Amino acid sequence: MCAKETDPKYRPFCSKRCADVDLGRWLKGSYAIPVAPEEEPTEEDPPLPH
């Protein structure tokens, strides 16, 4: 998070604070990977198996 040297106790972070900041970002969805919306099927497309 802050680019300081890592501490073996908190690896890969330098401190508990940086680890907690990273966890908070994960929980809020800040690291979500954007995806393209799926196309709507047309009448010509065969039905999907269930």
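Notes on the structure in this doc start here.

Rules and cut-offs
Residues numbered from 1 in each chain as written. Predicted model: local features only at pLDDT ≥ 70, side-chain atom pairs only at ≥ 80, totals over all residues. Heavy atoms only, no water. Helix = DSSP H or I, 4+ residues; strand = E, 2+ residues; numbered from the N terminus. Rg over C-alpha atoms; globule rule 2.2 N^0.38 Å. Buried < 20%, exposed > 50% of the residue type's maximum accessible area, 1.4 Å probe, protein only. Patch = residues over 30% accessible without salt bridge, like charges linked within 9 Å, V, L, I, M, F, W, Y side chains within 5 Å. Areas by Shrake-Rupley, 256 points an atom, 1.4 Å probe, with all protein chains shown as cover. Salt bridge = Lys/Arg side-chain N within 4 Å of Asp/Glu carboxyl O. Expected span 1.5 Å × (residues − 1). Lys, Arg positive; Asp, Glu negative; His and termini not counted. Charge placed at Lys NZ, Arg CZ, Asp CG, Glu CD.

### What about the overall build of the protein?
No. 1: When helices and strands are tallied, the protein shows one helix and zero strands.
No. 2: Here the C-alpha atoms of the protein give a radius of gyration of 21 Å, more than 25% beyond the 10 Å that 2.2 N^0.38 yields for 50 residues.
No. 3: For the protein, the spread of C-alpha atoms along the three principal axes comes to 60 × 20 × 15 Å.
No. 4: Counting all 50 residues of the protein, 8% fall into the buried class.

### Quick notes on a nonpolar patch on the surface
No. 1: On the surface, Leu23, Trp26 and Leu27 cluster together to form a nonpolar patch covering roughly 390 Å² of accessible area.
No. 2: On the basis of relative accessible area, Trp26 is assigned to the exposed category, the value being 54%.

### A few points about helix α1 (residues 16-28)
No. 1: A rise of 1.5 Å per residue sets the reference length of α1, with its 13 residues, at 18 Å; its end C-alpha atoms lie 18 Å apart and thus fit the reference within 8%.
No. 2: Directly after α1, the chain includes Gly29, whose backbone phi takes a positive value near 90°.

### As for a positive patch on the surface
No. 1: Side chains of Lys4, Arg17, Arg25 and Lys28 sit close together on the surface and give a patch of like positive charge.
No. 2: Residue position: Lys4 is located in the segment before α1.
No. 3: For Lys4, a relative accessible area of 62% gives the class exposed.

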